[in-house]
Amino acid sequence: MKLTTIFLCAVLIAYGLSACLYALTGIDLLALITAGNTVIYRSLLSLAGVAALWLFFWLIAFRPTRDLR
């Protein structure tokens, strides 16, 4: 479970950096990686949604910030 969380955090960081590159330069890195294939493009975008939902569940279920009080 810890490995899954680390992997999905890395996925969201990669999407964030790709979005930053797109916002600053106009180069859509994800479209370049998928060679313009819309099915693969949308599949990778849906992975970002799954990663976000997993991290939301993880934060609610395990409360990693509970000891910071």
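Up top you'll find the structure we're talking about.
Residues numbered from 1 in each chain as written. Predicted model: local features only at pLDDT ≥ 70, side-chain atom pairs only at ≥ 80, totals over all residues. Heavy atoms only, no water.

Peer 1: Describe the environment of Y22, with residues and values.
Peer 2: Take Y22: it is sitting in helix α1 (residues 2–25). In this structure Y22 touches I27 and D28, once residues within four positions along its chain are discounted. (Helix = DSSP H or I, 4+ residues; strand = E, 2+ residues; numbered from the N terminus. Contact = heavy atoms within 4.5 Å.)

Peer 1: Help me get a handle on the packing of aromatic side chains, residues and values and all.
Peer 2: The geometry of an aromatic ring pair is captured by two quantities: the separation of the ring centres and the angle between the planes. Summed over the entire model, instances satisfying the criterion amount to two aromatic pairs. Note on F57 and F62: the rings are 6.5 Å apart at their centroids and 80 degrees apart in plane angle, and the pair reads as edge-to-face. Judged by relative accessible area, F57 falls into the partly exposed class, the value being 42%. Residue class for F62 comes out partly exposed when judged on its relative accessible area of 38%. Through a chain of ring-to-ring contacts, three or more aromatic side chains come together here, namely W54, F57 and F62. (Phe/Tyr/Trp six-rings, centres within 6.5 Å; stacked < 30°, edge-to-face > 60°. Buried < 20%, exposed > 50% of the residue type's maximum accessible area, 1.4 Å probe, protein only.)

Peer 1: Before we move on, can you summarise the packing of α1 against helix α3 (residues 38–62) with the specific residues and values?
Peer 2: Running from N to C, α1 and α3 point in directions that differ by 130 degrees, and their axes come no closer than 9 Å. Considering the angle they form, α1 stands oblique to α3. The hand of the α1/α3 crossing is left-handed. Contacts between α1 and α3 pair T4, T5, L8, C9, V11, L12 and Y15 from the former with L44, L45, L47, A48, A51, A52, W54, L55 and W58 from the latter. For the contact of α1 with α3, the class distribution of residues is 14 nonpolar, two polar and no charged. (Axes fitted to C-alpha atoms, helices over the stretch in contact; angles between N-to-C directions. Parallel < 35°, antiparallel > 145°, perpendicular 65-115°, else oblique. Left-handed = near helix turned anticlockwise from the far one by under 90°. Nonpolar A, V, L, I, M, F, W, Y, C, P; charged D, E, K, R; others polar.)

Peer 1: Could you give an account of unusual backbone geometry, with specific residues and numbers?
Peer 2: Even without being glycine, A35 reaches a positive phi, approximately 60 degrees. Mapped onto the elements of the fold, A35 is located in the loop between α2 (29–33) and α3.

Peer 1: Go over a nonpolar patch on the surface, please, and point to the residues and values.
Peer 2: On the surface, L21, I27, L29, L32 and I33 cluster together into a nonpolar patch covering about 450 Å² of accessible area. The dominant element in the nonpolar patch, judged by the number of residues it contributes, is α2, at three residues. (Patch = residues over 30% accessible without salt bridge, like charges linked within 9 Å, V, L, I, M, F, W, Y side chains within 5 Å. Areas by Shrake-Rupley, 256 points an atom, 1.4 Å probe, with all protein chains shown as cover. Salt bridge = Lys/Arg side-chain N within 4 Å of Asp/Glu carboxyl O.)

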